[in-house]
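# Structure assessment
Okay, here's what each chain looks like letter by letter:
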Amino acid sequence: MSEIFMLRALQISKSALPDCTPNPPVGCVLVKNDFIVSEGFTQAIGGNHAEVQALNSYSGSTENITAYVTLEPCSYVGRTPACANTLINSGIKRVVVSMLDPDPRNSGKGVKILEQAGVQVEIGLCNDQVIHFLAPYLGKS
Ligand SMILES: Nc1c(N[C@@H]2O[C@H](COP(=O)(O)O)[C@@H](O)[C@H]2O)[nH]c(=O)[nH]c1=O
């Protein structure tokens, strides 16, 4: 079941192209009680990341919501705020990440920030499919 949600996040991430480059195209879906309640993908460079788009499009309670994100949420303030902190502030308690961000400014730090705040993080769902799509876009932002 959860693979369906990550594959949906991967599917919508493709809509981020070509405007998001050189930022990688990322997708995020918010799931509550096995239903997708919101979706987002990376906006044009300097615009919202996928997680922020999904959160901005959702107005209900974040209780029991799991965020499925194709790439590790970012950990630092770059052109946009740190998505790991945005997720924590939203009250979401479970995040499923397909692949870690190889960008050395993130690279495990986003996951660490989430875990230190008590968010349950799972890594690697649909990893093969996501790496296949995302790899060409990583390391250039
Ligand atoms: N596109 C994308 C991420 N992209 C990552 O964010 C960093 C660039 O941040 P910025 O300069 O603020 O745009 C860089 O490490 C890139 O890999 N991260 C995410 O959490 N979600 C997203 O949708």
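Numbers given to residues run from 1 along each chain, matching the order in which its sequence is written. Local features are withheld for residues below a pLDDT of 70 in this predicted model, meaning they are given only at 70 or higher, and side-chain atom pairs are given and counted only at 80 or more; totals for whole chains, interfaces and linings count all residues. Excluded from the side-chain calculations are hydrogens and water; all other atoms, namely the structure's heavy atoms, are used.

## What to know about the site of the ligand
- In the vicinity of the ligand there are 19 residues, among which Thr42, His49, Glu51, Thr80 and Asp101 approach most closely.
- We define a polar contact as two N or O atoms separated by no more than 3.5 Å, with the added condition that, inside protein, one atom must be a possible hydrogen donor and the other a possible acceptor, whereas residues neighbouring each other in sequence contribute only through side-chain atom pairs. Contact between the ligand and Pro24: a nitrogen atom at 3.0 Å from a main-chain N or O atom of the residue.
- Thr42 places a polar side-chain atom, nitrogen or oxygen, 2.8 Å from an oxygen atom of the ligand.
- Accessibility throughout is a Shrake-Rupley quantity obtained with a 1.4 Å probe, and a residue counts as covered only by protein chains that appear here. If the ligand stood free it would expose 520 Å²; the protein chains cover 98% of that surface.
- The pocket and cavity definitions rest on a 1 Å grid over protein atoms only: a 1.4 Å probe that fits but cannot leave marks a cavity, an open set with protein on both sides within 12 Å along at least five of seven lines marks a pocket, and residues lining either have an atom within 4 Å of a point. In this description, a molecule resides in a pocket or cavity if more than half of its atoms sit within 2 Å of the grid points defining it. Structurally, the ligand is housed in the largest pocket.
- In this count, Pro and Cys sit with the nonpolar residues alongside Ala, Val, Leu, Ile, Met, Phe, Trp and Tyr, while Asp, Glu, Lys and Arg are called charged and the others, Gly among them, polar. Along the lines of polarity and charge, the residues of the shell around the ligand split into 7 nonpolar, 7 polar and 5 charged. One heavy atom within 4 Å of a molecule or strand is enough for the residue carrying it to be called near that molecule or strand.

## Examining the side chain of Thr80
- Numbering of helices and strands starts at the N terminus; helices are DSSP runs of H or I of at least 4 residues and strands are runs of E of at least 2. With respect to the helices and strands, Thr80 occurs in the loop between strand 3 (65–71) and helix 3 (83–90).
- A polar side-chain atom of Thr80 sits 3.3 Å from a polar atom in the side chain of His49.
- Contact partners of Thr80, with chain neighbours within four places excluded, come to Gly46, Gly47 and His49. Here, two residues are considered to be in contact whenever any of their heavy atoms come within 4.5 Å of each other.

## As for the layout of surface pockets
- Roughly 300 Å³ of internal volume is contained in the largest pocket.
- Lining the largest pocket are 26 residues, with Asn23, His49, Cys74, Asp101 and Asn106 sitting closest to its centre.
- Listing elements by their share of the lining of the largest pocket, those giving two or more residues are helix 2 (50–56) and strand 3.
- When grouped by side-chain class, the residues that make up the lining of the largest pocket number 10 nonpolar, 10 polar and 6 charged. Grid points are joined across faces, edges and corners, and a volume is the space filled by probe spheres set on the points.

## Here we look at the confidence of the model for the chain
- For the chain, the mean per-residue pLDDT works out to 95, and 98% of the residues sit at or above 70.
- For this predicted complex, the interface confidence reaches an ipTM of 0.97, while the overall pTM sits at 0.96. Residue-level confidence of the predictor, termed pLDDT, takes values from 0 up to 100.

## Some thoughts on the pairing of strand 3
- In this scheme, a residue with accessible area under 20% of its type's maximum is buried, one over 50% is exposed, and one in between is partly exposed, where area comes from a 1.4 Å probe on protein chains only. With 7 of its 7 residues buried, strand 3 lies for the most part within the structure.
- Crossovers are marked right-handed if the path from the first strand over the helix to the second runs clockwise, as seen with the strands pointing away from the viewer. A crossover connection joins strand 3 to the parallel strand 4 (residues 94–99) through helix 3; in handedness this β-α-β unit is right-handed.

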